[in-house]
Amino acid sequence: MSLTAGIVGLPNVGKSTLFNAITKSQVEAANYPFATIKPNVKTVEVPDERVTKLSAMFNPRKTIWTTFEFTDIAGLVKGASKGEGLGNQFLGNIRACDAIVHVVRCFDDNNIVHVENSVDPIRDIEIVNVELALADLETVTNRIAKIERKALTKEKDAVAEYELLKKLKAALEAGHSARSLSFSDEEKETLKSYQLLTDKPVIYVANVSDSAISDLDNCRYYQDVKAYGEKEGSETVAITAQMEEEIAQLDDDERGLFLADLGLERSGLDEIIMKTYSLLNLCTFFTVGTDEVRAWTFTKGMKAPDCAGIIHTDFKKGFIRAEVYSYDDLMEYGSETALKNNGKLRVEGKDYIVKDGDIMFIRFNV
């Protein structure tokens, strides 16, 4: 499954530095607006200790983690919805993403230019959010103009879509995002075709100072962003982008010691990757053996044949059954043989809803 999270925010808030750290790559991270013009796209591994433990148990020739893409998108400024700065390009790149990682500057430093000439995280968030809402409002208004006449003639599908569009228009004009509304299943299907920017799920990333990362309770900027996110049902992660870029260059042992010294269980980057994965309602199942241990991404609620199709389309077409056991059971009993002897290996059919952590062997015939 190809899924993308777009890293967005005002210019010079730490987006490209964060992107460097996430992907352990080097893109331009300059101290001036619009250093990032074309979006940089990199595929990253989702950190998952289960893959490491399964690989140690089966000793395969190849181990493959599940992945998704992060896109570093050019900074936005006021008026982007009207084409200011790199507005049209910025908005188009966000439209192609599945989720938004919104980076906000939460530290003072006179040596780093701020496009608004002062540090105010909530103002910065709202600049971006207003531009996204204005772009969506234009999309909705244009669609209303195209469908209104059909709706007035009582054409069933047009009437339903017109009512949806009016609901969206009222919310956007009131300063609310599309994701803040409730929709029927039919409305959700129609909504997909609009690719609304404010319908995409968001994680706020507070880029704080080195001194604040270990004392977030007393970081006013971070607390403001966290409260803002909680109000709209979005998560907030605190990071120090420059430090995360340095941590990303360390080997695993050094990285662990460095984080321990800071009193952190995992890096901010791992938090972002894992929460973005969860934000998109994604889960992981595994296939294991001496040839390969592999993690596969699927959307929560998918049934066994659809998950089999992620491995190969023939597996879905000719699906017979899936032999399934859980990662937790394997860790408890220690081997597949012990699982079988204790009745923990199940045979599931086409209606089985796959769970996060399932280990599956697909039986099929084409």
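Residues numbered from 1 in each chain as written. Predicted model: local features only at pLDDT ≥ 70, side-chain atom pairs only at ≥ 80, totals over all residues. Heavy atoms only, no water.

Participant: Quick rundown of the layout of surface pockets? Include the residues and the values.
Facilitator: In this structure, the largest pocket encloses a volume near 1100 Å³. Around the largest pocket sit 35 residues that line it, and Val46, Pro47, Asp48, Arg255 and Asp270 are the ones nearest its centre. Contributing elements (two or more residues each) for the lining of the largest pocket: helix 1 (15–23), strand 2 (40–45), helix 2 (49–58), helix 9 (252–262), helix 10 (268–279) and strand 8 (282–287). For the lining of the largest pocket, the element with the most residues is helix 10, which contributes 7 residues. The residue makeup of the lining of the largest pocket, split by class, is 15 nonpolar, 7 polar and 13 charged. Of the voids in this model, the second largest pocket is the one considered here, and its volume is about 690 Å³. If you go around the second largest pocket, you meet 21 residues; those closest to its centre are Asp98, Arg179, Asp199, Lys200 and Pro201. Of the residues belonging to the lining of the second largest pocket, the class tally is 10 nonpolar, 4 polar and 7 charged. (1 Å grid on protein atoms, 1.4 Å probe; cavity = no way out; pocket = protein on both sides within 12 Å on 5 of 7 lines; lining within 4 Å. Points joined across faces, edges and corners; volume = space filled by probe spheres on them. Helix = DSSP H or I, 4+ residues; strand = E, 2+ residues; numbered from the N terminus. Nonpolar A, V, L, I, M, F, W, Y, C, P; charged D, E, K, R; others polar.)

Participant: If you had to explain the environment of Gly175 to someone new, which residues and values would you point to?
Facilitator: Counting through the fold element by element, Gly175 comes out in the loop between helix 5 (156–173) and helix 6 (185–192). C-alpha of Gly175 to C-alpha of Ala133: the two residues are 42 residues apart in sequence and 7.4 Å apart in space.

Participant: Could you give an account of the side chain of Asp72, with specific residues and numbers?
Facilitator: For Asp72, the location among the structural elements is in strand 4 (residues 67–72). Of the side chains bearing the opposite charge, Lys15 lies closest to the buried Asp72, which forms no salt bridge; the N-O distance is 5.4 Å. (Buried < 20%, exposed > 50% of the residue type's maximum accessible area, 1.4 Å probe, protein only. Lys, Arg positive; Asp, Glu negative; His and termini not counted. Salt bridge = Lys/Arg side-chain N within 4 Å of Asp/Glu carboxyl O.)

Participant: An account of empty space enclosed by the protein is needed here, citing residue identities and associated values.
Facilitator: Scanning the entire structure with this criterion turns up 1 cavity of 30 Å³ or more. There is about 30 Å³ of room inside the largest cavity. Lining the largest cavity are Val8, Ile100, His102, Val128, Asn129, Leu132, Arg179, Val202 and Tyr204. Elements supplying a minimum of two residues to the lining of the largest cavity: strand 5 (99–106), helix 4 (121–152) and strand 6 (202–208). Ranked by the residues each element gives to the lining of the largest cavity, the list is headed by helix 4, at 3 residues. Of the residues belonging to the lining of the largest cavity, the class tally is 6 nonpolar, 2 polar and 1 charged.

Participant: Outline the packing of aromatic side chains, supporting the account with residue identities and numerical values.
Facilitator: Applying the stated criterion across every chain yields a total of 7 aromatic pairs. With centroids separated by 5.2 Å and ring planes inclined at 45°, the aromatic side chains of Phe68 and Phe70 adopt a geometry described as tilted. Its relative accessible area of 2% is what places Phe68 among the buried residues. We classify Phe70 as buried; its relative accessible area is 0%. A ring pair is formed by Phe285 and Trp296, whose centres lie 6.3 Å apart and whose planes are at 15°; its orientation type is stacked. Taken together, the positions of Phe285 in strand 8 and Trp296 in strand 9 (residues 292–299) put the pair 11 residues apart, joining distant regions of the chain. (Phe/Tyr/Trp six-rings, centres within 6.5 Å; stacked < 30°, edge-to-face > 60°.)

Participant: Lay out the packing of helix 4 against helix 7 (residues 220–232) with the relevant residues and their values.
Facilitator: Between helix 4 and helix 7, whose axes approach to 9 Å, the crossing angle comes to 40°. In terms of axis orientation, helix 4 runs oblique to helix 7. Each of Pro121, Ile122, Ile125, Glu126 and Asn129 in helix 4 lies in contact with helix 7, whose residues at this interface are Tyr221, Asp224, Val225, Tyr228 and Glu232. Considering only residue class, the contact of helix 4 with helix 7 consists of 6 nonpolar, 1 polar and 3 charged. (Axes fitted to C-alpha atoms, helices over the stretch in contact; angles between N-to-C directions. Parallel < 35°, antiparallel > 145°, perpendicular 65-115°, else oblique. Contact = heavy atoms within 4.5 Å.)

Participant: Got a sec to walk through helix 11 (residues 304–311)? Specific residues and values, please.
Facilitator: Those residues of helix 11 not exposed but buried are Ala304, Pro305, Cys307, Ala308 and Gly309. Against strand 8, strand 9, helix 12 (313–317), strand 10 (319–326) and strand 12 (358–364) lie the buried residues of helix 11.

Participant: Which residues make up the confidence of the model for the protein, and what values go with them?
Facilitator: Across the protein, the average pLDDT comes to 86, with 90% of residues at or above 70. Taken element by element, the predicted model of the protein shows its lowest mean pLDDT in helix 3 (residues 87–95) (67) and its highest in helix 13 (residues 327–333) (97). Low pLDDT (under 50) marks residues 25–38, which in the prediction has 42 contacts with non-local residues, meaning those over four places away or in another chain. Predicted confidence for residues 83–87 stays below pLDDT 50, and this span has 11 contacts to residues more than four positions away or in other chains. (pLDDT = per-residue confidence, 0-100.)

Participant: Just give me the short version of the side chain of Thr236, but keep the residues and values in it.
Facilitator: Structurally, Thr236 is set in strand 7 (residues 235–239). Look past the residues within four positions of Thr236 in its chain and what remains in contact with it is Tyr204, Ala206, Tyr222, Val225, Lys226, Gly229 and Lys275.

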